[in-house]
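Observations on the three-dimensional arrangement
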Amino acid sequence: MADFKKADLLDMYYDMVLIRRFEERCAQLYQEGKIGGFLHLYIGQEATGVGAVRAIRKEDHIFTAYRDHGIAIARGLDINALMAEMLGKVTGVSKGKGGSMHLASREHNFWGGYAIVGGHLPLAAGVALRARYMEEDFGVLCLMGDGATNIGYFHESLDLSAVWDLPVVWLVENNQYGMGTAVKRASGVEEIVKKAQAYGMKEGPRCDGMDVIATYEAVKEAMEYARKNGPVLMEALTYRFVGHSMGDPERYRTKDEVRQYSEEDPIGKFGAYIKSKKKGTDAELAELDQKAAEAIEAAVQFAEESPDPTFESLFEDVYVD
Amino acid sequence: MAETKRMTIREALSQALREEMYRDETVFIMGEEVGVWGGTYAVTRGFYDEFGEKRVRDTPIAEMAIVGAGVGAAMAGLRPVSELMTINFAFLALDAIVNHAAKIHSMFGGQFKVPLTIRTTTGGGRQLGATHSHSPEIIFAHFPGLYVCCPAMADDAYGMIKTAIRNDNPVMVIEHSTLYQTRGEVPLDQDYLVPVGESRIVREGKDVTLVSFSKGVHWCLEAADILAKEGIEAEIVDLRWLRPLDTSKFIESFKKTNRMVVVEEGLPQFGVGAEITARVMEEAFDWMDAPIKRVTAEDVPLPYSREIEQMALPSAEKVVKAVKEVL
Ligand SMILES: Cc1ncc(C[n+]2csc(CCOP(=O)(O)OP(=O)(O)O)c2C)c(N)n1
Ligand SMILES: [Mg+2]
C-alpha cells in the first residue's frame with residue numbers, strides 16, 4: 001500500500017467533504033428554483049471520484065458523464081466557477097451554457113461531463129489517440145456509469161482502443177443502477193470488467209469504490225499500465241445515496257437498501273481510517289469540514305452576485321471565429 | 001359524437017396504451033425505464049404490475065436495439081411500442097429508424113411490413129442544455145416510409161397512439177415534454193382514431209392563418225387570444241402529422257386570410273416553416289398579400305441558463321409580433 005503523507009490524506013478528505021457540501025447545497029438551490037434542469041448528485045460516490053482523479057497526473061486527461069460535479073471538484077476546478085455554472089451565470093466554467101451536466105475546464109485537462117450516455121467514450125479514445133500519434137506520454141481516464149456499458153458507443157470505443165492500444169483507463173462507476181435498472185436487469189454479465197475479454201483488453205480490478213485509498217491504488221496501477229501498454233477496463237463498486245436525479249420516485253430500490261449502504265458512508269469511513277493511522281485528529285477533520293462549508297457558502301455568494309448571460313451571448317461560441 | 005372525458009395528455013396516452021394492450025395481446029412496450037420506474041414521464045405508471053415484464057419490457061440503455069429490435073419484432077408479426085426516452089436519444093437510433101423502419105417495406109418489394117410505433121418526447125425550455133433540448137421532428141418527417149405525428153391536444157394524444165399501433169406502417173408519435181399536464185376532452189370511444197395525415201383547424205378566424213403543431217399550437221392559441229382583444233382574428237391550423245403532410249386545410253385557410261405565420265419550436269433552417277411556405281408558393285401564390293413569416297427557435301444550440309434559453313425559444317409574444325408584421 002502506498003505510503004500517504006498526512007497532508008495527502010487530509011487533502012483527499014477535504015475534497016470528499018467539499019463535494020458532499022457542494023451537492024447538498026445544490027440540492028437546496030434546486031428546491032429554491034435557482035438551479036434548473038437535471039441535477040445528478042454524487043452523494044455516496046465521493047471516494048470513487050476523489051481516489052480516481054487523485055491517482056492520475058496533471059498531464060493525464062479526464063472524461064466523465066453528466067454526474068460530474070465530484071469529478072470536477074476533485075480535479076481542482078475553481079469552486080466559484082463551478083457553482084456559477086450551476087446557477088447559469090456568465091462566470092461559470094461553461095459561461096452558463098452547459099449547466100450541471102456539462103462542466104469542463106480545458107486548463108485542468110478535464111474535458112467535460114457529457115449528457116448522452118456513452119457519447120464521451122469515443123471522444124476519450126480520440127484524445128488518447130493523440131498520445132500515440134504524437135508520441136506523448138499521457139493517458140486518459142474515462143469514467144462512465146454501469147448503464148453506459150450496454151450502449152453501442154461502449155462496444156465501438158473499447159474495441160477501437162484495444163485495436164490501437166490506446167492509453168485509456170475505462171473506469172466504470174458501478175453504482176448498481178442505471179436510473180432504476182439494476183445491473184443484472186440490463187447487462188448479460190453482472191461482473192462488468194468481464195466485458196474486457198471480448199476485446200482482448202486487460203481486465204482490471206473491481207475495486208471498492210467506497211474506499212478512497214483502494215480506488216486510488218487501483219486506478220494508479222491501471223493508468224501506469226495503460227500509458228505503457230494499452231487500455232484497461234476496471235470497475236469501482238459504489239452506490240449513490242440519493243435519487244438518480246432530482247424528483248426520482250425511487251420505486252426500484254428499498255429504503256432499507258439505501259440505509260444499509262448509507263451507513264457505510266465513504267467520508268465517515270475515511271475519517272476513521274485517518275484517525276486510526278494517527279494522521280489526523282477529530283479537531284483537524286472538524287476544521288476541514290468547517291473550511292469546506294465556508295468555501296461553498298462563498299461560492300454560492302459569488303454565483304448569486306454574478307451576472308446572467310445576455311441574449312447576444314446566444315450567438316457567441318457557436319463557431320470558432 | 002361520443003361522450004367525452006376531460007383528462008391530461010399523460011392520462012390520454014396512458015389510457016390509449018392500456019386499452020390497446022388489452023385489445024391485442026401482440027402489443028407490447030419496450031424502452032428505458034418503462035417498467036419498474038413507471039416511465040420517465042409516468043405514462044406507463046402501473047403497467048409493469050398490470051401487464052407483467054413480458055409485455056412491459058425495461059431495456060438496457062440501447063437506443064439502436066430498442067428501435068431495431070422493434071423493427072424486427074414488428075416484421076415478425078408483433079406490434080411493438082418502442083419508447084425512446086427523449087427525442088434527443090433518437091439520434092442514436094437514427095439508422096434503425098431511417099434505414100430499416102422506413103425502408104423495409106419498399107426495399108423488399110412489399111414482402112414485409114413494419115407495424116412499429118415509436119413513442120418519444122420532444123422540446124426544449126427545461127434548462128437541459130444543448131444536447132437535451134432538441135426539437136428535431138423535421139428530421140424524421142424527411143423520410144418516406146415513416147409516418148410522424150405530434151399530438152398537441154389530449155384527444156389527439158389518445159387517438160394517435162391507437163392509430164399508430166393499429167397502422168401497418170411504422171409511426172413515430174412525438175409527444176411534447178411540457179404538455180403532459182395539458183388537459184382536454186377525450187372521446188370515450190375505444191376505437192377513436194386520428195386519420196393519418198389529417199390536419200385540423202383548432203380556431204377559426206379571417207385575418208391571418210397560423211400554422212403549427214405540437215407545443216406551437218399552444219403558443220398560437222395564446223397569441224390568438226391576445227390578438228382577439230385588438231380585433232384581429234387568427235385562424236389556427238394544427239398540422240398534427242408532419243408526414244404525410246396535409247396541405248388542404250392551410251391552403252384553404254390561406255386563400256381566405258391571404259396572410260400566414262408558421263410557428264415551430266425547432267430551428268429555422270430547412271424547417272417546417274420553409275416547407276409550408278414552399279407549399280403555399282406552389283399552390284396558392286396568387287392569394288398572397290404579404291410575405292409569410294416564420295417564428296422558430298433562434299438558430300443556436302440551446303443553453304442551460306434559464307433566461308437566455310427562454311429568449312431563444314418561440315413564445316406567444318413572438319407570434320403576436322410576427323402577425324402584426326404580416327398584417
Ligand atoms: C443515449 C442516452 N439514452 C438515455 C439517456 C437517459 N439517461 C440519462 S442517465 C441514464 C442512466 C445511466 O446510468 P449509468 O450509466 O449507470 O450512470 P449513473 O446515472 O448511475 O451514474 C439514462 C438512461 C441518456 N442521457 N442518453
Ligand atoms: Mg449507474
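Residues numbered from 1 in each chain as written. Chains lettered and ligands numbered in written order. Predicted model: local features only at pLDDT ≥ 70, side-chain atom pairs only at ≥ 80, totals over all residues. Heavy atoms only, no water.

What about the coordination of the magnesium ion (ligand 2)?
Residues and elements named next belong to chain A. Selection rule: A donor here means an N, O or S atom no more than 2.8 Å from the metal, or no more than 3.2 Å when the metal is Na, K or Ca. Since water is not included, a site may seem to lack partners. In this scheme, a residue with accessible area under 20% of its type's maximum is buried, one over 50% is exposed, and one in between is partly exposed, where area comes from a 1.4 Å probe on protein chains only.
Note on the magnesium ion (ligand 2): its protein donors are Asp-146 (OD), Asn-175 (OD1) and Tyr-177 (O). The metal-donor distances range over 2.1 to 2.2 Å. Read N to C, the donor residues that coordinate the magnesium ion (ligand 2) are spaced as D-x28-N-x1-Y. No difference in accessibility class separates Asn-175 from Tyr-177, as the two residues are buried.

Some words on the sheet that holds strand β1 (residues 61–65) of chain A
All names here are of chain A. We count it as follows: DSSP-based pairing: two strands are paired if at least 2 bridges between them are found. The helix count covers DSSP runs of H or I at least four residues long, the strand count covers runs of E at least two residues long, and both are numbered beginning at the N terminus. All axes are obtained by fitting lines to C-alpha atoms, using only the stretch in contact for helices, and the reported angles, taken between N-to-C directions, cover 0 to 180 degrees. Residues count as neighbours in contact if any of their non-hydrogen atoms are within 4.5 Å of one another.
With respect to topology, six strands assemble into an open sheet ordered β2-β1-β3-β4-β8-β7, the strand pairing being parallel. The open sheet terminates on both sides in strands that have one partner only, identified here as β2 (110–114) and β7 (202–208). Within this sheet the neighbouring strands show an average axis-to-axis angle of 15 degrees, counted without direction. In the sheet, β1 pairs with strand β3 (residues 140–145) via three bridges, with the strands oriented parallel. Note that in β3 the partner of Ile-62 across the bridge is Leu-141. In the packing of helix α6 (residues 152–163) onto the sheet, the strands contacted are β3, β4 (168–174) and β8 (232–237), and the crossing angle to β4 comes to about 145 degrees.

A look at the domain arrangement of chain B
Residue and element names in this part refer to chain B. Short version of the rule: Note that the domain bounds reflect an automated or database-derived domain assignment. Once two parts are joined, some of their accessible surface, as seen by a 1.4 Å probe, is lost; buried area is that loss totalled over both. For this analysis, a salt bridge means a side-chain nitrogen from Lys or Arg found within 4 Å of a carboxyl oxygen belonging to Asp or Glu. Two N or O atoms count as a polar contact when they lie within 3.5 Å, although within protein this holds only if one can serve as hydrogen donor and the other as acceptor, and sequence-adjacent residues are included solely when both atoms are side-chain atoms.
Assigned domains within chain B: domain 1 (4–187) and domain 2 (200–326). On a C-alpha basis, the centroid separation for the pair domain 1 and domain 2 is 26 Å. Residue-level contacts link 33 residues of domain 1 with 27 residues of domain 2. In total, about 2400 Å² of surface goes out of reach between domain 1 and domain 2, with carbon and sulfur atoms giving 56% of it. When the buried surface of domain 1 facing domain 2 is broken down by residue, Gln-127, Ile-138 and Met-153 rank first, second and third, together holding 25% of it. Here Arg-240 and Asp-156 are joined by a salt bridge, their closest N and O atoms 2.9 Å apart. Scanning the region where domain 1 abuts domain 2 turns up 18 residue pairs in polar contact (both at pLDDT 80 or more).

What about empty space enclosed by the protein?
What counts is decided by this rule: Throughout, the protein atoms alone are placed on a 1 Å grid, and a set of points is a cavity if a 1.4 Å probe fits but cannot get out or a pocket if it is open with protein on both sides within 12 Å along at least five of seven lines; lining residues have an atom within 4 Å of a point. Grid points are joined across faces, edges and corners, and a volume is the space filled by probe spheres set on the points. Amino acid classes used here: Ala, Val, Leu, Ile, Met, Phe, Trp, Tyr, Cys and Pro are nonpolar; Asp, Glu, Lys and Arg are charged; the rest, including Gly, are polar.
In total, this model carries three cavities of 30 Å³ or more according to the counting rule given. Within this model, the largest cavity holds a volume of roughly 70 Å³. Lining the largest cavity are Asp146(A), Gly147(A), Asn150(A), Gly178(A), Thr181(A), Val183(A), Ala186(A), Glu32(B), Glu33(B), Thr59(B), Pro60(B) and Ile61(B). Here the lining of the largest cavity is composed, by residue class, of four nonpolar, five polar and three charged. Reported here for the second largest cavity is a volume of approximately 60 Å³. Tyr41(B), Glu83(B), Arg119(B), Glu175(B) and Tyr180(B) are, among the 13 residues lining the second largest cavity, the residues nearest its centre. Counting residues per element, the lining of the second largest cavity draws most heavily on strand β5 (residues 117–122) of chain B, which supplies three residues.

Points about the site of ligand 1
What counts, and what does not: Nearness of a residue to a molecule or strand requires only that one of the residue's heavy atoms be within 4 Å of it. Using the Shrake-Rupley algorithm and a 1.4 Å probe, accessible areas are obtained, with residue cover drawn only from the displayed protein chains.
In the region of ligand 1, 22 residues are neighbours, and Tyr66(A), Arg67(A), Ala115(A), Gly147(A) and Glu63(B) sit closest. In this structure ligand 1 sits where residues from chains A and B come together. Here an oxygen atom of ligand 1 and a side-chain polar atom of Tyr66(A) are 2.6 Å apart. Glu63(B) places a side-chain nitrogen or oxygen 2.5 Å from a nitrogen atom of ligand 1. Contact with the protein chains covers 95% of the free accessible surface of ligand 1, which is 590 Å². For the shell around ligand 1, the residue count by class is twelve nonpolar, six polar and four charged.

Structural notes on the interface of chain B and chain A
If you look at the interface, chain B gives 32 residues, while chain A gives 42 residues. Note on chain B versus chain A: buried area summed over both sides is about 3000 Å², and carbon and sulfur give 66% of it. Summed over the three residues of chain B that lose the most area to chain A, namely Trp37(B), Ile61(B) and Tyr304(B), the buried surface amounts to 26% of that side. Seen at the junction of chain B and chain A, the total is one salt bridge. Taking the shortest distance from any N to any O, the salt bridge between Arg185(A) and Asp58(B) comes out at 2.9 Å. Of all elements in the fold, only α3 (63–75) and α11 (306–312) of chain B reach the threshold of two or more residues within the side of chain B that touches chain A. With five residues, α11(B) is the largest single contributor of residues to the side of chain B that touches chain A.

Some points on the layout of surface pockets
The space that makes up the second largest pocket amounts to roughly 720 Å³. In this structure, the second largest pocket is lined by 34 residues; those nearest its centre are Gly98(A), His102(A), Tyr114(A), Ala130(B) and Thr131(B). Of the residues forming the lining of the second largest pocket, the biggest block, five residues, is contributed by β2(A). Of the residues belonging to the lining of the second largest pocket, the class tally is 17 nonpolar, twelve polar and five charged.

Here's the deal with the confidence of the model for chain B
Basically, it comes down to this: Each residue carries a pLDDT value, the predictor's own confidence for that position, ranging from 0 to 100.
Per-residue confidence for chain B gives a mean pLDDT of 98; residues scoring 70 or more make up 100%. Complex prediction metrics read pTM 0.98 and ipTM 0.97.

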